[in-house]
Amino acid sequence: MRRLLAMIVMALLPVIAAAAPVRIKDLADFDGVRGNDLVGYGLVVGLDGTGDGFRNAPFTEELLAGLLERLGVNVTDEALRSRNVAAVVVTATLPPFARSGSRIDVSVSTIGDAKSLLGGTLVMTPLKAADGNIYAVAQGSIIASGAAVEGEAARVVEGVPTSGKIPVGARVEREVEFDFAGIQNIRVALRNADFTTATRIEDAINSDFDRRVATTQDSGTVLVEFRQLGAVNPARVLGRIENLTVEPEDRAKVVIDHKSGTIVIGERVRISRVAVSQGALTLSVSEAPMVSQPNPFARGETVTVPRTVAELRNEPGIGFAEVAGETSLSDLVEGLNALGVRPREMIDILKSIHAAGALHADLVIE
């Protein structure tokens, strides 16, 4: 595992070291050019007995009754006991400049005790934005991402069958008003704020247009003023800007994921000269109770006698290993691998080096 990790990092070093220019469209977003979140509450039908139980999810019964009444079916005072329907929350993102009649993807998730949405069909569901207006209507067959098998005494679930997607399952009914052609300026918002990257974007834009049309406002914003270009089409100007390339600058960062034991070390990470020692202390406690029975025909009682076995093992450490100061990424990986520790133990070492002030990088623990 350690050798594989080291080989992967070393193979990527030539690519990382030569940072290639990146398009502005891959580094930043344009202010106002964004999507809008939509949400709706609907009903899925056609399930094979895996829907909501109306006793535990009375809102599903109310929703079904309301749907049938709108379709002209009188169900007043009727006891509905179907297990083939489920109440769901439907979510989607309305893309920027989406026009009436265009289609978007939707996600569907149960909110009751339904066990699976496999084979279900979402009934026409209006989707609303934060302002309360309906912008799209969703309907269609659900593609669930899991499966569930259940017997009398056991149940096996693979994936998450209680959620799914409907590709192009919603039709846009209302457009978001935005007079893009009449704007006088627009802000370029960096996804990772950095003063160096922002100034490089400013220089690239001004150099391409051969005049000062861009100004860096802060580490995450570059203002582009269209009035400096005369009568132009803003869409064409942004199409020209987003394809300009710059070399982004990044911060030294170490990212640690405790759940999977993953460690990602950035190229610019440096470490001061430090000595590291690592060992392991293992405590093992096991219960092995014994049953004591009386002799045949004796008047004694059968009793359970507890027996606990506790063991404390102090595994030998590796002694002190030195990691030289001001090392590069390859030197750092080589030095850590020389300690002969597993990735999860390496996480503790990196945290300790950071606590000692020898790791010159942002430590992000997830």
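In the block above lies the structure referred to throughout.
Thresholds applied
- Residues numbered from 1 in each chain as written.
- Predicted model: local features only at pLDDT ≥ 70, side-chain atom pairs only at ≥ 80, totals over all residues.
- Heavy atoms only, no water.
- Pairing = 2+ DSSP bridges.
- Helix = DSSP H or I, 4+ residues; strand = E, 2+ residues; numbered from the N terminus.
- Axes fitted to C-alpha atoms, helices over the stretch in contact; angles between N-to-C directions.
- Contact = heavy atoms within 4.5 Å.
- Buried < 20%, exposed > 50% of the residue type's maximum accessible area, 1.4 Å probe, protein only.
- Parallel < 35°, antiparallel > 145°, perpendicular 65-115°, else oblique.
- Left-handed = near helix turned anticlockwise from the far one by under 90°.
- Nonpolar A, V, L, I, M, F, W, Y, C, P; charged D, E, K, R; others polar.
- Salt bridge = Lys/Arg side-chain N within 4 Å of Asp/Glu carboxyl O.

Caption draft 1: Geometry of the pairing of strand β4 (residues 86–94). Direction of pairing for strand β3 (residues 36–45) relative to β4: antiparallel, over a ladder of nine bridges. In the sheet register, leucine 43 faces β4, and the bridge partner there is alanine 87. Inspection of the sheet shows β4 paired to strand β5 (residues 103–110) by five bridges, in the antiparallel sense. In the sheet register, valine 89 faces β5, and the bridge partner there is serine 109.

Caption draft 2: Quick peek at the sheet that holds strand β26 (residues 362–365). Taken in spatial order, the three strands line up as β17-β16-β26 in an open sheet, and their pairing is mixed. One side of each edge strand has no neighbouring strand; the edge strands of this open sheet are β17 (262–265) and β26. If you compare each strand with its neighbour and ignore which way they point, the axes differ by 10° on average. Direction of pairing for strand β16 (residues 253–257) relative to β26: parallel, over a ladder of four bridges. Within the sheet, the bridge partner assigned to valine 254 lies in β26 and is leucine 363. Contacting β16, β17 and β26, helix α6 (residues 343–355) runs over the sheet at an angle of about 135° to β16.

Caption draft 3: Summary view of unusual backbone geometry. Non-glycine residue phenylalanine 97 carries a positive phi angle of around 65°. With a relative accessible area of 37%, phenylalanine 97 lands in the partly exposed category. Backbone geometry places valine 168, a non-glycine residue, at a positive phi of 40°. Overall, the relative accessible area of 45% leaves valine 168 in the partly exposed class.

Caption draft 4: Spotlight on the packing of helix α3 (residues 195–209) against helix α4 (residues 234–241). Across the interface, α3 lies against α4 with an axial gap of 11 Å and an inter-helix angle of 120°. Comparing their axes, α4 and α3 come out oblique. Here the hand of the crossing between α3 and α4 comes out right-handed. Judged by residue contacts, Ile205, Asp208 and Phe209 of α3 engage Val237, Arg240 and Ile241 from α4. Across the contact of α3 with α4, the residue classes break down as four nonpolar, no polar and two charged.

Caption draft 5: Focus on the pattern of salt bridges. If you walk through the whole model with that rule in mind, you get nine salt bridges. Here aspartate 29 and arginine 191 are joined by a salt bridge, their closest N and O atoms 2.9 Å apart. Note that aspartate 29 is positioned in strand β2 (residues 28–30) and arginine 191 in the loop between β12 (185–190) and α3, a separation of 162 residues in sequence. Classification of aspartate 29 as partly exposed rests on a relative accessible area of 37%. On the basis of relative accessibility, which here comes to 45%, the residue arginine 191 falls in the partly exposed class. We note a salt bridge from arginine 187 to aspartate 31, for which the minimum N-O separation is 2.8 Å.

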